[in-house]
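Examining the three-dimensional arrangement
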Amino acid sequence: MTLSSSIFAQSSNYKGTVTASDLDEPLFGVSVLIKNTGNGTLTDLDGIFELEANSGDTLVLSYIGYKTQEIALSTQTQLEIVLGPDNEVLDEVVVIGYGTIKKSDLTGSVAKVTSKEITKVPSSNAIQALQGKVAGLQILSTSGDPGANPVVRLRGITTLNDNNPIAVIDGVITDVSAISLLNSSDIESVEVLKDASATAIYGSRGAAGVIIVTTKTGQSGKNKISFSIEQSIESISNEIEVMNGREFATYINQIEPGTYNNLDVLPDVNWLDHIINNNAPITNANMSISGGSENSTFYFGLGYFGQQGILDKSALDRLTAKLNSQYNLSRNINVGLNLSMLVSDKENSPGVINTALRAWPINEPFLEDGVTFADVTGGNALAAIEYSNSNSNSLRSLGNLYANFTFLNNFTFKSSLQFDFNAGKTKSFVPQYFVGPLQQNEVNDLSYSNSNSTDLIFENTLSYNNEVGRHRFAGVVGYSTQDRRNEFIAGNTEGLIREDPLFWYLDAGQNEFENVSNNAGRSTIISYLGRVNYSFDSRYLFTASLRRDGSSNFGKNNLYGYFPSVALGWNVSNEGFFNSDLINKLKIRGSVGGIGNEKIPGSAQYALIRGGTDAVFGEDESIYPGATFDGGGNPDLKWENTYQANVGFELGIMQDKLTVEMDYYYKNTTDILVPLEPAGYLGIGAFRSIFFNAANVTNKGLEWNARYRDNIGDFSYSVGVLGTTIKNEVTNIGQGFGADSLLIGGDLGNGQRVSRSSVGNPIGYFYGYEVEGVFQNQAEVENSPSLFGQKPGDLKYKDINGDGVLDGNDRTIIGNSIPDFVYGFNAQVGYKTITLSADFQGQAGNYIYNGKQAIRFTTLNYEARYNDYWDGEGSTNENFRPSLGGANFQPSSYFVEDGSYLRLRSLTLNYAIPNGILNKMRFSGANVYVRGTNIFTLTKYSGFSPEIGASNAINGAIDTGVYPITRVFSVGLNANF
């Protein structure tokens, strides 16, 4: 009888509203499940849910950060449910290397950015959304070209090699560029690991920091479908003023009087206007399906990103796919797969920005027929674009196949196979054409390259978690092997039989002009790792870790490196004596440790032989293939080591309405692997370098992050501010190696090298003459140290050493491209369903070398700055007389500009569509928004953007005319059902 009643019980339609007790507002996305079944739903934006259930069933309501609650159903079908915060759960959301940890137990310096913040910036790479969001993290755009990877720096420049942090995407260890595989909407959170306590577990790969990306997963219960569409337009954010036709002719007449006698009839061509396409479209569309049952979960996402670019032939089309799945084979065994894929098609526009800036403004782009390109002094940028045909295709797949086995309640064994496959090809064709003597291609030519790389990591870890009374233990040990392989092949030819794209293949060219090169590389790493976390009574915290890495990049004498760390923490607010109505949280923590670096070519330990060198031998003078010495090696190379110390505190006031985190950090990198030119008597050849462990660099500074948030009825608001100070110094280069203790970089392409790195100074500082003013008359020239041929109106350089002679010994430090201070702040206000948020970021104390102004090969156009030229005694003491080249264009402080800036990074107005409308559309939640990105920038820098990044730190920040950064306006829709 009981069984019969259960089977034929009448189901009812239950409706309810779920609110948060601490926020007094509805909760969106709460999981509502009927206990012991797979049936359930999620609450909508108004916290409302509706489902069919039987009287006597039990509802289980769960939400991250709140206590799970069970509700027994009766005949009452209208429910009002309040969930209370669960501090224990809130503590478990921090992801660290090889596991998670409660926030209150965390001893390292870790910053977290949520999905909501990451989706605020329309970009092909989600890493750019972190700009201004994490204290100590710099995201610098090297170019506005669609798909260009930014330069990432964490707590300064650590090494003279690769300074980019590593990325860990769903457990896969890879390079930071791999984040471009992901749609922003697929990301759940990003954790940035900064200090040794957090990064030492990654050993040789964690010296520059670690960025952990966790993507979204499915939840058991009702399936969820989400989609988003965003349409944007982008335009150049700041134009560079150059001389117009009349100004240019007037300037040239000052150099060569009478060159242009009738200025009124001269054309006035703005070349930037001809090549820049403002209001270029950007499309970003994403769709995901997620869900699961009692034994399995899944998440599948697809995305398209299309960016036309503000220059012709620079478009990017990108497709991405994301799959996360997990299946429970039994109560204690589960298997899963995390897979990310990217397919992209990129047009490569020729570098015409400098061409447009230098082209004569009195030259029209076309002849009188309006079709034929005209010969333009400085180059015809439109012709360069027209005759350029370059395209790159790439395919990349990143995945983690894993299995977890839980036993004895507290132990978990995990085995995973991680892979990163990357394949790309580039094809470039230039047809036969003639524009002028200096802009022509007599024979069509084709170049082709193909590259592929494979990175396999096999990892096994055993973790332990247990809580006994007031003692909480966590530990992990593991073993890992990594095999990295790559191959590159390139070829070029000319004289293709036809110029049709169907014939753009190497075999279509003339064999005698064909040239092919092919190379490959391989390196391996073997690792052993371990970490212990201990918490006593949630008051006293201890963390220790050790990793042992062996790399094939080093010889057998220095194969292994050891990277330990230890950290302590004290939750003062959990002490019995701590009793404050104002301060609810106070934690003090500190850590020390070491991390390594092995990012050098695997061949650096060997002397090299180069093939492809033919020679003539014998009486018949036959050509024989040969090889020659190509450089020395160093078999005694060893690991770089970065020793870090960090001390900080975390503060919560008024129940975390105000939160503050502050850290002081110190990093000392020793035995930096750097290529140096040994003394000539070693006989390795002129201008040849060998890698040595020959440099030390320190970075130190203070960083903080403060946030205040509150709500008053239907009105909510929050304000946040973060900042970092950076002091970088080289403490050793090449001492004791018979090599020059100086590194020179910053090649402008005209024989001038304007940056250096030396002991006692920051990496990549600018080096040249210090300008004191302008020579006003001949007497001043005769009575002052000067360069050969200088005249009144020329720049006056300072005699640094005071010997009365101006020469190379008087060059000095004229600027530092590393900022003293990097900062960001944000604000958000909301009323009911409307939210307005703004994000600012900037930096101060850094300088940029304006290389595009300094490079003069011939008579070219000038930037508008030169209009205020010296034209007689007392006219100006800042700008020199009209000049085509010479002493005024020597490396000097004249070309060094203040790179400080403040930028409104994003401004977003969001509207959550009311539930009444959503119900009619069968949506569980939806919102529309308008957004502006890079809306304005306050700066003294005269270039397109002060956000100049250098992939090689030795070069410093030099602007040689990059693809401009853009301002973007967007409108978008997000919806769930």
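The name given to the protein chain in an unreviewed UniProt entry is SusC/RagA family TonB-linked outer membrane protein, with the source organism recorded as Portibacter lacus. Reading the Subcellular location (unreviewed entry) entry of the UniProt record for the protein chain gives the comment "Cell outer membrane". Under Sequence similarities (unreviewed entry), UniProt gives the following word-for-word description of the protein chain: "Belongs to the TonB-dependent receptor family."

Observations regarding the overall build of the protein chain
Helices and strands together make up the secondary structure of the protein chain, namely eleven helices and 53 strands. Here the C-alpha radius of gyration of the protein chain, 32 Å, is about what a compact globule of 977 residues would show, namely 30 Å. Seen through its principal axes, the protein chain has C-alpha atoms that stretch 110 × 65 × 65 Å. In the protein chain, which comprises 977 residues, the proportion classed as buried is 50%. Of all intrachain contacts in the protein chain linking residues separated by at least 6 positions in sequence, the fraction that spans at least 24 positions is 69%. When the accessible surface of the protein chain is summed, it comes to about 43300 Å², and 53% of that surface belongs to carbon and sulfur atoms.

Here we look at the pattern of salt bridges
Within this structure, the stated rule accounts for 29 salt bridges. With a shortest N-O distance of 2.8 Å, R522 and D483 are connected by a salt bridge. On the criterion of sequence distance, the pair formed by R522 in strand β29 (residues 515-536) and D483 in strand β28 (residues 471-494) is long-range, its members being 39 residues apart. The partner of R881 in a salt bridge is D794, and the shortest N-O contact between them spans 2.7 Å. With R881 in the loop between α10 (851-854) and β49 (896-898) and D794 in the loop between α9 (778-782) and β44 (795-797), this residue pair connects regions lying 87 residues apart in the sequence.

Here's the deal with a negative patch on the surface
A surface patch of like charges, here negative, comprises E239, E241, E247, D268 and D273. Tracing the backbone through its elements, the reader meets E247 in helix α5 (residues 245-255).

Examining the nonpolar core
Here is a general trend for soluble globular proteins: nonpolar side chains tend to be buried in one another's company. Judged by nonpolar contacts, the single largest core of 33 residues is most densely connected at Y260, Y849 and Y866. Of all the secondary-structure elements, those providing two or more residues to this core are α5 and β44. The element best represented in this core is α5, accounting for four residues. Excluding its chain neighbours within four sequence positions, the residues that come into contact with Y866 are M243, Y251, Q853, F880, F889, Y894 and F895. In this structure, A126, V152, L181 and I211 belong to the second largest nonpolar core, which totals 28 residues.

Points about the sheet that holds strand β6 (residues 58-63)
Pairing within the open sheet is antiparallel, and its four strands lie in the order β4-β3-β6-β7. Each edge of the sheet is formed by a strand with only one pairing partner; in this case those strands are β4 (40-42) and β7 (66-72). Taken over all neighbouring pairs, the strand axes of this sheet differ in orientation by 15° on average, direction set aside. As paired elements, strand β3 (residues 31-34) and β6 share four bridges and run antiparallel to each other. In the sheet register, V32 faces β6, and the bridge partner there is L61.

Examining the UniProt feature "domain: TonB-dependent receptor plug" (unreviewed entry) in the protein chain
UniProt's entry tags residues 103-210 with the feature "domain: TonB-dependent receptor plug" (unreviewed entry), counted in the numbering of this structure. Secondary structure across residues 103-210 divides into 7% helix and 27% strand, with the first and last C-alpha atoms of the span separated by 18 Å.

Quick notes on a nonpolar patch on the surface
The grouping of I712, F715, V829, Y831, I834, L836, L907, L909, Y911, V928, V930 and V971 at the surface amounts to a nonpolar patch, some 980 Å² of accessible area in total. Going through the elements one at a time, β46 (821-831), β47 (834-844), β50 (901-912) and β51 (925-933) are the ones with two or more residues in the nonpolar patch. At three residues, the largest contribution of residues to the nonpolar patch is made by β50. Relative to the helices and strands, L909 is located in strand β50. Since its relative accessible area comes to 40%, L909 is described here as partly exposed.

Let's talk about the packing of aromatic side chains
A complete count under the given rule lists 34 aromatic pairs for this structure. Ring geometry for F227 versus F977: centroids 6.3 Å apart, planes at 70°, classification edge-to-face. Highlighted residues: F227 in strand β18 (residues 221-236) and F977 in the segment after β53 (966-976), separated in sequence by 750 residues. Taking relative accessible area as the criterion, F977 reaches 36% and is therefore assigned partly exposed. Members of the aromatic cluster, each reached through a chain of ring pairs, are Y251, F766, Y849, Y862, Y866, Y869, F880, F889, Y894 and F895. Just above the ring of Y402 sits the side chain of K414; from NZ or CZ to the centre is 5.0 Å.

Digging into the pairing of β47
Note that β46 and β47 share eleven bridges and pair antiparallel. Each residue of the ladder has a partner; that of F825, found in β47, is F840. Linking two consecutive strands that pair antiparallel, namely β46 and β47, is a turn of two residues; a positive phi of about 55° is found at K832 within it. Where β47 and β50 come together, ten bridges link them in antiparallel fashion. The residue of β50 that forms the bridge with L836 is L909.

Observations regarding α5
Listed in full, the buried residues belonging to α5 are G245, F248, A249, Y251, I252 and N253. Here α5 starts with a cap whose side-chain oxygen sits 3.2 Å from the backbone nitrogen of R246, and that cap is N244.

Topic: the environment of Y606
Here Y606 is to be found in the loop between β32 (583-597) and β33 (608-617). Residue classification places Y606 among the partly exposed residues on the basis of a relative accessible area of 46%. Taking the C-alpha atoms as reference points, Y606 and G631, separated by 25 residues in sequence, lie 8.7 Å from one another. Discounting residues that sit within four places of it in the chain, Y606 has contacts with G632, G633 and N634.

Details of the confidence of the model for the protein chain
Summary statistics for the protein chain give a mean pLDDT of 89 and a share of 96% for residues scoring 70 or more. The low-confidence segment residues 1-8, where pLDDT is below 50, has zero contacts with residues more than four positions distant or belonging to other chains.

So, the side chain of N163
When you line up the elements, N163 lands in the loop between β13 (151-154) and β14 (166-169). Engagement of the side chain of N163 in a polar contact is seen with the backbone nitrogen of T158, the distance being 2.8 Å. Aside from chain neighbours lying at most four places away, what touches N163 is V152, R153, I157, T158, A208 and A953.

A few points about the sheet that holds strand β40 (residues 743-747)
What links the strands of a sheet is backbone hydrogen bonding, and the strands pair in either a parallel or an antiparallel sense. Taken in spatial order, the four strands line up as β40-β41-β42-β45 in an open sheet, and their pairing is antiparallel. Pairing within the sheet leaves two strands with one partner each, and these edge strands are β40 and β45 (812-815). Put simply, the sheet's adjacent strands are angled 45° from each other on average, direction ignored. Pairing of strand β41 (residues 753-757) with strand β42 (residues 765-768), which is carried by two bridges, proceeds in the antiparallel orientation. Residue pairing in the sheet places R756 in a bridge with Y765 of β42.

Notes on unusual backbone geometry
Residue N279 is not a glycine yet carries a positive backbone phi of 60°. Take N279: it is sitting in the loop between α6 (271-275) and β19 (280-292). The exposure class of N279 is exposed, given its relative accessible area of 52%. Despite not being glycine, Q655 has its phi angle at roughly 55°, a positive value.

Considerations on the environment of A374
Summarising the element assignment, A374 is placed in the loop between α7 (353-358) and α8 (381-386). Spatially, the C-alpha atom of A374 lies 6.8 Å from that of E364, the residues being ten residues apart in sequence. With near-sequence residues (within four places) excluded, A374 lies in contact with E364, P365, F366, L367, N380 and V435.

Here is what the cut-offs are and how they apply
- Residues numbered from 1 in each chain as written.
- Predicted model: local features only at pLDDT ≥ 70, side-chain atom pairs only at ≥ 80, totals over all residues.
- Heavy atoms only, no water.
- UniProt positions renumbered as here; feature names shortened; annotations may be inferred.
- Helix = DSSP H or I, 4+ residues; strand = E, 2+ residues; numbered from the N terminus.
- Rg over C-alpha atoms; globule rule 2.2 N^0.38 Å.
- Buried < 20%, exposed > 50% of the residue type's maximum accessible area, 1.4 Å probe, protein only.
- Contact = heavy atoms within 4.5 Å.
- Areas by Shrake-Rupley, 256 points an atom, 1.4 Å probe, with all protein chains shown as cover.
- Salt bridge = Lys/Arg side-chain N within 4 Å of Asp/Glu carboxyl O.
- Patch = residues over 30% accessible without salt bridge, like charges linked within 9 Å, V, L, I, M, F, W, Y side chains within 5 Å.
- Lys, Arg positive; Asp, Glu negative; His and termini not counted.
- Charge placed at Lys NZ, Arg CZ, Asp CG, Glu CD.
- Core = buried A, V, L, I, M, F, W, Y, C linked by side-chain atoms within 4.5 Å.
- Pairing = 2+ DSSP bridges.
- Axes fitted to C-alpha atoms, helices over the stretch in contact; angles between N-to-C directions.
- Phe/Tyr/Trp six-rings, centres within 6.5 Å; stacked < 30°, edge-to-face > 60°.
- Lys NZ or Arg CZ within 6 Å of the ring centre and 35° of its normal.
- Polar contact = N/O pair within 3.5 Å; in protein donor to acceptor, adjacent residues only side chain to side chain.
- pLDDT = per-residue confidence, 0-100.

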